[in-house]
Amino acid sequence: MSKLLKIFWILLSLGLVSGVAAAAGVIYIFWHFGQDLPDYQQLANYEPAVMTRVHADDGQLLAEYATERRVFVPIRAMPPQVIYSVLSAEDKNFYSHSGVDFLSLLRAVVTNIKNIGSGRRPVGASTLTQQVAKNFLLTNEVSYERKIKEAILAFRIERAFSKDRILELYLNEVYLGFGSYGVAAAALNYFDKPLDQLTIAQTAYLAALLKAPANYHPIRKKQEATDRRNWVIRRLLQDGRITAVQAQLAQAEPLEVAIRSDAQFVKADFFAEEVRRELADRYGNDALYTGGMSVQTTLDPKLQVLADQTLRAGLISYDRRHGWRGPVSNIADAPSIVQKLESLTPPKGMGAWKLAVVKAENAEAANIIVQGSGPAILPLRELKWARAWLKDEKRGDRIRTPSDVLKVGDVVAVEMVTTYTTGRKKKNNVEQHDYPSNTYGLRQIPAIQGAIVALNPHNGRVLAMSGGFDYEASQFNRATQAMRQPGSAFKPFVYLAALDSGFTPASLILDAPFVIDQGKGLPKWRPANYTKKFYGPSTMRLGIQKSRNLMTVRLAENIGMKKIAEYAKKFGVIENLSQQLAMSLGAGETTLLKLTAGYGELVNGGKAITPAIIDRIQDRNGLTIFKHDQRPCKGCDALAWTGQAVPEIPDLRKQLTDPASAYQMVSMLEGTIQRGTGRRARAVGKPLGGKTGTTNKGRDAWFIGFSPDLAVGVFTGFDVPRSLGKNEQGASVALPIFTEFMKGALKDTPSIPFRIPPGILLVRVNPTTGLPVRVGDRKWIQEAFKPGTVPTTATQVLGAEFSDAPGVIDGGTEAPSTGTGGLY
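Residues numbered from 1 in each chain as written. Predicted model: local features only at pLDDT ≥ 70, side-chain atom pairs only at ≥ 80, totals over all residues. Heavy atoms only, no water.

Some details on the overall build of the protein
Here is step 1: Within the protein one finds 21 helices and 27 strands.
Here is step 2: Across the 824 residues that make up the protein, the buried fraction comes to 49%.
Here is step 3: Contacts spanning at least 24 positions in sequence make up 68% of the contacts within the protein whose residues lie at least 6 apart.
Here is step 4: A total accessible area of about 40400 Å² is found for the protein, and carbon and sulfur atoms account for 53% of it. (Helix = DSSP H or I, 4+ residues; strand = E, 2+ residues; numbered from the N terminus. Buried < 20%, exposed > 50% of the residue type's maximum accessible area, 1.4 Å probe, protein only. Contact = heavy atoms within 4.5 Å. Areas by Shrake-Rupley, 256 points an atom, 1.4 Å probe, with all protein chains shown as cover.)

Focus on the side chain of Thr297
Here is step 1: Secondary-structure assignment places Thr297 in strand β5 (residues 294-297).
Here is step 2: Owing to a relative accessible area of 0%, Thr297 belongs among the buried residues under this scheme.
Here is step 3: A polar contact of 2.7 Å, which involves the side chain of Thr297, links it to the backbone oxygen of His55.
Here is step 4: Polar side-chain contacts of Thr297 include one of 3.4 Å to the backbone nitrogen of Leu299.
Here is step 5: When sequence neighbours within four positions are dropped, the list of residues in contact with Thr297 reads Val54, His55, Ala56, Asp57, Leu62, Phe271, Val275, Arg461, Ile613, Ile614 and Asp615. (Polar contact = N/O pair within 3.5 Å; in protein donor to acceptor, adjacent residues only side chain to side chain.)

Topic: the side chain of Glu273
Here is step 1: Considering the arrangement of structural elements, one finds Glu273 in helix α11 (residues 269-283).
Here is step 2: Given a relative accessible area of 15%, Glu273 falls into the buried group.
Here is step 3: A polar side-chain atom of Glu273 sits 2.9 Å from a polar atom in the side chain of Arg276.
Here is step 4: In this structure, Glu273 is in contact with Tyr65 and Tyr471, ignoring residues within four places of it in sequence.

What to know about the sheet that holds strand β19 (residues 536-539)
Here is step 1: One open sheet holds the three strands; their spatial order is β19-β18-β27, and the pairing between them is mixed. Two strands in the sheet have a free side with no partner beyond their single neighbour: β19 and β27 (797-798).
Here is step 2: Summarising the sheet, strand β18 (residues 508-511) and β27 pair through two bridges and their orientation is parallel. Paired with Ile509 across the bridge in β27 is Leu798. (Pairing = 2+ DSSP bridges.)

A short note on the pairing of strand β21 (residues 624-627)
Here is step 1: Alignment of strand β20 (residues 614-618) against β21, held across three bridges, turns out to be antiparallel. Of the residues in β21, the one forming a bridge with Ile617 is Phe626.
Here is step 2: Hairpin connection from β20 to β21: five residues lie between these consecutive antiparallel strands, with Gly622 at a positive phi of about 85°.

Quick notes on the packing of helix α7 (residues 183-191) against helix α8 (residues 200-209)
In helix packing, the relevant descriptors are the interaxial angle and the interaxial distance, both defined with respect to the helix axes.
Here is step 1: At a closest axis distance of 11 Å, the pairing of α7 and α8 adopts a crossing angle of 115°. Note on packing geometry: the crossing formed by α7 with α8 is right-handed. Here Val183, Ala186, Ala187, Tyr190 and Phe191 of α7 come into contact with α8, specifically with Gln202, Tyr205, Leu206 and Leu209.
Here is step 2: Taken together, the residues of the contact of α7 with α8 break down into eight nonpolar, one polar and no charged. (Axes fitted to C-alpha atoms, helices over the stretch in contact; angles between N-to-C directions. Left-handed = near helix turned anticlockwise from the far one by under 90°. Nonpolar A, V, L, I, M, F, W, Y, C, P; charged D, E, K, R; others polar.)

Considerations on the packing of aromatic side chains
Here is step 1: Within the structure shown, the criterion is met by 20 aromatic pairs.
Here is step 2: Geometrically, the ring pair formed by Tyr567 and Phe571 is stacked, given 6.3 Å between the ring centres and 20° between the ring planes. The burial state of Tyr567 is the same as that of Phe571; both residues are buried.
Here is step 3: One aromatic cluster is present, formed by Phe490, Phe493, Tyr567, Phe571, Tyr599, Phe706 and Phe754 through successive ring pairs. (Phe/Tyr/Trp six-rings, centres within 6.5 Å; stacked < 30°, edge-to-face > 60°.)

Considering unusual backbone geometry
Generally, phi is negative for residues other than glycine and the peptide bonds are trans, each holding for most cases.
Here is step 1: We note that Asp392 has phi near 65°; this positive angle belongs to a residue other than glycine.
Here is step 2: Looking at the element boundaries, Asp392 is found in the loop between β10 (389-390) and β11 (394-395).
Here is step 3: The backbone phi angle of Lys532 is positive, close to 65°, even though this residue is not glycine.
Here is step 4: Topologically, Lys532 is positioned in the loop between β18 and β19.
Here is step 5: Looking at Lys532, the relative accessible area reads 64%, which means it is exposed.

Here's the deal with the sheet that holds strand β17 (residues 462-466)
Here is step 1: In spatial order, the strands read β17-β16-β24-β23-β22; together these five strands make up an open sheet with antiparallel pairing. Two strands close off the open sheet at either side, each with one partner strand: β17 and β22 (689-694). Strand after strand, the sheet turns through a mean of 5° between neighbouring axes, direction not considered.
Here is step 2: Sheet topology note: the strand β23 (residues 700-707)/strand β24 (residues 710-717) ladder contains eight bridges and is antiparallel. Bridge pairing in β24 places Asp700 opposite Gly717.
Here is step 3: Its contacts with the sheet put helix α13 (residues 301-321) on β16 (449-455), β17 and β24, and the angle it makes with β17 is roughly 30°.
Here is step 4: Against the sheet, helix α19 (residues 592-603) touches β16, β17, β22, β23 and β24, its axis set at about 30° to β23.

Considering the pairing of β24
Here is step 1: Most of β24 sits out of view: eight of its eight residues are buried.
Here is step 2: Residues Leu710, Val712, Val714 and Thr716 point to one face of β24 and Ala711, Gly713, Phe715 and Gly717 to the other, with burial holding for every one of them.
Here is step 3: Of the pairings in the sheet, the one linking β16 to β24 comprises seven bridges and is antiparallel in character. Its bridge partner being in β24, Ala451 is matched across the sheet by Phe715.
Here is step 4: Taking the residues between adjacent antiparallel strands as the criterion, β23 and β24 are bridged by two residues.

A few points about the pattern of salt bridges
Here is step 1: Tallied over the full model, the rule gives 29 salt bridges.
Here is step 2: The salt bridge involving Asp615 is made with Arg461; its shortest N-O contact spans 2.7 Å. Here Asp615 is found in strand β20, whereas its partner Arg461 is found in the loop between β16 and β17, with 154 residues between them in sequence. Like Asp615, the residue Arg461 is buried in the burial classification. (Salt bridge = Lys/Arg side-chain N within 4 Å of Asp/Glu carboxyl O.)

Regarding the environment of Met540
Here is step 1: Assignment of secondary structure puts Met540 in helix α16 (residues 540-545).
Here is step 2: Sequence spacing of Met540 and Thr504 is 36 residues, and the spatial spacing of their C-alpha atoms is 7.4 Å.
Here is step 3: Dropping the residues within four chain positions of it, Met540 is found in contact with Tyr495, Ala498, Leu499, Phe503, Thr504, Pro505, Ser507, Ile509, Met551, Leu555 and Met668.

Quick notes on a positive patch on the surface
Here is step 1: Judged by side-chain charge, Arg381, Lys384, Arg395, Arg398 and Arg400 come together as a positively charged surface patch.
Here is step 2: As for its position among the elements, Arg398 is in the loop between β11 and β12 (410-416). (Patch = residues over 30% accessible without salt bridge, like charges linked within 9 Å, V, L, I, M, F, W, Y side chains within 5 Å. Lys, Arg positive; Asp, Glu negative; His and termini not counted. Charge placed at Lys NZ, Arg CZ, Asp CG, Glu CD.)

Next comes the structure, spelled out in structure tokens:
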């Protein structure tokens with residue numbers, strides 16, 4: 001008995017010594033590996049890199065910018081089913097352990113001992129807390145040293161943070177494949193759903209990905225992915241998170257992903273890039289790509305689609321008028337033209353068009369093979385436009401057979417066509433016919449470029465913007481980056497300065513030769529009208545409607561280029577306009593956006609606006625950090641409204657010109673549409689105003705126009721300026737684009753007349769003399785006058801030889817002030 005007692009005490013002593021040694025060992029290990037560990041307190045202020053999301057005006061997604069595609073979701077907003085699935089898959093005892101699950105750890109140790117020599121990767125038993133320590137503070141190194149550090153940090157993290165905070169960090173940080181950081185991003189990228197719309201099977205699949213996303217790819221490794229998902233579903237059932245029926249239905253659900261496509265984004269590449277640039281300039285790239293901002297833009301998706309379509313159609317129409325520049329390539333010598341065709345990469349800018357190779361020809365059609373589709377027909381009717389391009393935008397002989405355009409082996413761009421028309425609109429005998437199936441038309445990427453922008457003239461919000469034919473082919477935004485001469489589109493600001501100087505729309509100006517000596521050794525400057533003709537005394541209204549250059553120069557000389565430069569600056573069109581008379585004809589440089597905004601300031605009554613592409617920016621916490629609309633609104637609280645008077649919001653816009661002068665200018669530009677160079681836009685059938693612009697030698701063509709609540713600008717021209725060709729001008733190239741856009745934009749809107757400010761007198765006058773009509777006169781127009789400026793007697797003509805002064809003198813009114821004419 002004493003011997004047994006002695007053995008007992010020896011064993012007890014050894015156990016105590018071993019226990020103390022083990023405890024000392026554990027303490028030493030914690031002390032040794034606990035030295036120089038990362039500061040876990042940084043997790044308290046941790047803000048993960050979150051993607052910035054940009055939305056259109058109606059809330060549709062426009063763009064996302066991120067280094068890690070993450071959508072941060074607070075734990076309080078996390079659906080319970082997502083949490084249940086993650087805990088059942090990874091750490092069912094999460095809410096009960098202190099950072100390390102010792103029971104799971106023991107099972108892992110046993111399993112790893114059994115697997116010694118098998119070559120299998122060691123099994124882990126990391127809790128979510130340990131994974132947070134690893135993901136945030138350590139590396140992915142597979143070693144016992146890292147596991148020890150991981151455990152130490154897990155204990156410390158558990159003491160410092162709540163379980164919910166630890167789980168929140170984990171669910172928003174973990175990588176789940178498909179470029180998804182966090183469960184919210186994964187839900188969007190795998191299933192195109194927010195978290196609260198996921199099924200049990202879908203949340204189980206996301207939880208299955210936590211182990212190793214690459215091993216459970218939903219397409220390449222679908223069976224493994226399904227098996228792992230079903231394992232998670234069984235764990236949910238075992239843990240009592242779902243019922244047996246729910247588990248059975250979830251396992252029967254097919255694993256199908258709905259990968260987000262570009263179709264779910266509003267396509268507005270030029271606009272989105274402008275937004276990206278502004279955000280980067282305002283907050284820096286780091287905040288842009290990791291700050292998680294929510295950006296509400298001004299973009300109207302419907303108008304953007306219309307802008308893209310009308311601009312492309314207009315540029316293609318011009319391009320077809322000037323001939324065929326040849327095939328993309330020729331592969332007649334290839335051993336197999338079909339294989340060669342399939343290997344070709346379509347040129348950038350083709351969009352939905354396809355490449356095709358000419359296989360054979362006859363008198364009526366070319367037999368082609370379309371890339372990715374097979375044999376098809378290219379009929380002669382679809383080749384008629386493709387006369388050879390010649391220098392100076394001229395065209396060659398008419399097309400009589402397909403061989404006049406194509407030869408065997410030519411690779412060309414084509415588009416499927418289903419119908420064609422015969423007859424002429426003027427003769428009212430247009431008929432539509434159907435093509436046989438697999439019929440294609442010949443296409444060509446235009447050499448000309450252009451831009452269109454639409455904005456709200458009352459607040460400057462840019463509603464649509466397209467900066468070129470195709471963003472993929474060229475990212476240069478011709479609406480905001482191209483500095484070009486506006487030509488006659490600048491003239492309204494010359495005429496506005498004159499209206500503010502005492503002139504009226506009925507003032508007469510001499511349309512006759514004008515010559516200026518530019519100095520020793522320089523030729524005399526002789527501006528001319530586009531028609532090369534002279535029309536004698538004409539009203540200011542007629543001068544702007546017919547875009548008379550000589551009248552504009554005489555007017556500019558009278559009021560002075562200094563004043564015109566001031567107007568160009570305050571309307572935001574040209575910051576520092578050179579004070580030379582040629583500048584009055586639009587020889588200065590500006591952008592389409594600036595010029596369109598300037599026209600917007602005319603139609604809104606002469607109030608300053610700043611073009612804006614962003615309405616509001618919120619930070620990751622939902623706090624508004626920028627608003628375009630800075631007007632104070634006292635009492636604008638919907639929750640506190642009980643029927644009291646609607647709050648009045650102050651108008652903070654600066655008044656740039658007399659509202660009466662602004663209306664007179666709008667009225668004159670409305671006349672340009674009704675009776676002048678913008679007549680084509682009458683097809684819209686709504687009140688419109690606007691002005692064409694064509695630069696010297698026809699290099700650039702513009703049209704800037706407006707309705708009472710929409711300002712639209714169109715620019716067209718070659719990137720390396722050259723003539724657009726004989727008879728091409730703003731009215732033939734840019735105006736059709738404006739017209740088609742306005743048809744679509746105003747289709748379902750009421751016909752609203754332009755708003756008339758107080759004090760304006762509308763008087764019937766003779767369109768030639770500008771004098772009030774007599775009783776019985778049939779030829780008249782309605783003219784807008786300020787009080788006291790209606791002419792009552794014959795009017796002197798600005799620039800006439802018999803004039804005593806360079807100003808216009810309307811009977812009963814004072815002569816306008818005379819300017820110096822500036823520097824020539």
